[in-house]
Amino acid sequence: MTAAGATATAAVASLIDRVEPVEAGAPTVACAFPGDVPALALGDGAVWLDGARLAAHPDGAILCAASDGKRLVTGGDDGRVVEVAPGGAMREIAREAGWVDALALGPDGALAIARAKRVRAIDRAGAAKDWEAPSSVRGLAYFPKGHRLVVAHYGGASLWFPNVAGPPKTLAWKGAHIDATVSPDGRFLVTSMQENALHGWRVADGRDMRMTGYPAKSRSLAWSHDGRWLATSGAEACVVWPFADKDGPMGKPPRELGVRPSRVTACAFHPKAPVLAIGYADGFVLLVRFVDGSELAVRRETGGAVGAMAWDAAGTRLLFGDSGGRAGLLRLP
């Protein structure tokens, strides 16, 4: 990867004293703010909700989670899909015959669940539609309007309209596709791959876009609020690809922000400002101002890789958690 705008390793200032430590007690799978309440989905089956610990999956582990800002939905190796409300109420909304491999929530309250090859789309009224993918499903993502669902699997990604008759459209690319994300304007689809690379498509015509050069798998993907940039993990810097024009990143170098001697494992763009939160394999957390690359340390090394990060809707709080059971809540002025 060709770097542009790389920053210095040492942070010039610190926000560490503004972080409230959270003893999560288990590895963090996902962070969210359902109903503006900080929440952690944890690997031991529990959900930490603003200081309370809820047994969402008492007989299993949480494997995946999603939030639409109103609720947190978790999927476990017990086959259960559980909805957690901001007030702490929990209810089982689906049960699968095996592990829940992926979840996605649409903007209109729709829910998609993947188990092995099967994908189930449930609309806000509770009506369900099923589709079987050509191979095991690893990632799901709704388009911004919520009518179309991306299903990532071996050999590419399929675009499915659950409420329209006919087979999904498949965008083919050889290899195992893991995570999926769609740009805020719906123009681009990007998947992470088993081969330490990203692959993208321009949705209008299916044009392929290859993003390679990662030393490790890129499992954290985050769009800027204006959709012009895609931040990614998997290197010793946060690699940020440009998507402002019709060709996306093709023929353009990415920026590399937050360069440190530790691999980036999580990233999250601020919802309103050009600021990027970056988490590392050694537990370090950093804020980088996108315009000039200036840095603010949020947390020093803990030894546990940062597994997930999320901003609240106002952009005044950042929640993060690591593989060692430690988490933190940054409160900005």
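Bear in mind the structure is a predicted one, so any value in this text is a computation, not a measurement. Counting starts from 1 at the beginning of each chain's written sequence and moves along it residue by residue. With the structure being a predicted model, the display of local features is reserved for residues of pLDDT at least 70 and the display and counting of side-chain atom pairs for 80 or more, all residues being used for whole-chain, interface and lining totals. Hydrogens and water are ignored here; the side-chain numbers use all heavy atoms of the structure.

**Quick notes on unusual backbone geometry**
Now for step 1: The phi dihedral of aspartate 50 is positive, around 50 degrees, even though this residue is not glycine.
Now for step 2: If you check the backbone angles, asparagine 196 has positive phi at about 55 degrees while not being a glycine.
Now for step 3: Starting at the N terminus, helices and strands are each numbered in turn, a helix being any DSSP run of H or I of at least four residues and a strand any DSSP run of E of at least two. As for its placement among the helices and strands, asparagine 196 is situated in the loop between strand E18 (188-193) and strand E19 (198-202).
Now for step 4: Judged by its relative accessible area of 23%, asparagine 196 falls in the partly exposed class. Exposure categories follow from relative accessible area, calculated using a 1.4 Å probe and restricted to protein chains: below 20% of the type maximum is buried, above 50% is exposed, and the middle band is partly exposed.

**Some remarks on the pairing of strand E27 (residues 285-289)**
Now for step 1: Here E27 lies mainly inside the structure; four of its five residues are buried.
Now for step 2: Strand pairing is assigned whenever DSSP detects at least two bridges linking the two strands. The pairing of strand E26 (residues 275-280) with E27 spans five bridges and is classified as antiparallel. Its bridge partner being in E27, leucine 276 is matched across the sheet by valine 288.
Now for step 3: Connecting E26 to the next strand, E27, in antiparallel fashion are four residues, including glycine 283 with a positive phi near 95 degrees.
Now for step 4: Note that E27 and strand E28 (residues 295-299) share four bridges and pair antiparallel. Each bridged residue has a counterpart across the sheet, and for valine 288 the counterpart in E28 is glutamate 295.
Now for step 5: Between the end of E27 and the start of E28, which pair antiparallel, lie five residues, with glycine 293 showing a positive phi angle near 80 degrees.

**Let's talk about the confidence of the model for the chain**
Now for step 1: Known as pLDDT, the predictor's per-residue confidence is scaled from 0 to 100. Here the chain shows a mean pLDDT of 95. Residues at 70 or above account for 96%.
Now for step 2: With pLDDT under 50 throughout, residues 2-11 is counted as low confidence; its partners more than four residues away or in other chains account for 29 contacts. Here, residues are in contact when the closest pair of their heavy atoms is within 4.5 Å.

**Regarding the nonpolar core**
Now for step 1: Take the buried residues of types Ala, Val, Leu, Ile, Met, Phe, Trp, Tyr and Cys, join any two whose side-chain atoms come within 4.5 Å, and each joined set is a nonpolar core. Within the largest apolar cluster, 16 residues are counted, with the highest numbers of intra-cluster contacts made by Ala231, Cys238, Val240, Leu276 and Ile278.
Now for step 2: Only strand E23 (238-242), strand E25 (264-269), E26 and E27 provide two or more residues apiece to this core.
Now for step 3: Setting aside its immediate chain neighbours within four residues, cysteine 238 contacts Ala231, Thr232, Arg255, Glu256, Leu257, Val264, Cys267, Leu276 and Ile278.

**Here's the deal with the sheet that holds strand E21 (residues 221-223)**
Now for step 1: As summarised here, the arrangement of the four strands in space is E21-E22-E23-E24, forming an open sheet in which the pairing is antiparallel. Because the sheet does not close on itself, it has two edges, and the strands there are E21 and strand E24 (255-257). Strand-to-strand twist across the sheet, computed as the mean angle between neighbouring axes with direction ignored, equals 25 degrees.
Now for step 2: Pairing geometry for strand E22 (residues 229-232) and E23, over four bridges, is antiparallel. In the sheet register, threonine 232 faces E23, and the bridge partner there is valine 239. Axis geometry follows a simple rule: fit a line to the C-alpha atoms, using only the stretch in contact for helices, then measure angles between N-to-C directions, giving values from 0 to 180 degrees.

**What to know about the pattern of salt bridges**
Now for step 1: The rule for a salt bridge is simple: a side-chain nitrogen of Lys or Arg has to be within 4 Å of a carboxyl oxygen of Asp or Glu. Counting across every chain of the model gives 24 salt bridges.
Now for step 2: The salt bridge involving glutamate 96 is made with arginine 115; its shortest N-O contact spans 3.5 Å. Of this pair, glutamate 96 sits in the loop between strand E10 (90-95) and strand E11 (102-105) while arginine 115 sits in strand E12 (residues 111-115), placing them 19 residues apart in sequence.
Now for step 3: Between aspartate 322 and arginine 326 there is a salt bridge whose closest N-O contact spans 3.6 Å.
Now for step 4: Connected via shared salt-bridge partners are Arg202, Asp205, Arg207, Lys246 and Asp247.

**What about the pairing of E19?**
Now for step 1: In terms of residue burial, E19 counts as a mostly covered element, since five of its five residues are buried.
Now for step 2: Taking every second residue as pointing to the same face, both faces of E19 are buried, with Leu198, Gly200 and Arg202 on one and His199 and Trp201 on the other.
Now for step 3: Pairing analysis gives five bridges linking E18 to E19, with the strands arranged antiparallel. Looking across to E19, one finds that threonine 191 is bridged to histidine 199.
Now for step 4: Hairpin connection of E18 to E19: four residues between the antiparallel strands, including asparagine 196 at a positive phi of 55 degrees.
Now for step 5: As paired strands, E19 and strand E20 (residues 207-211) are joined by five bridges and run antiparallel to one another. If you follow glycine 200 over to E20, its bridge partner there is methionine 209.

**Comments concerning the sheet that holds E11**
Now for step 1: With respect to topology, four strands assemble into an open sheet ordered E11-E12-E13-E14, the strand pairing being antiparallel. Pairing within the sheet leaves two strands with one partner each, and these edge strands are E11 and strand E14 (128-132). Across the sheet, the axes of successive neighbouring strands diverge by a mean angle of 15 degrees, strand direction being ignored.
Now for step 2: Bridge analysis of E12 against strand E13 (residues 118-122) gives five bridges, and the strand direction is antiparallel.

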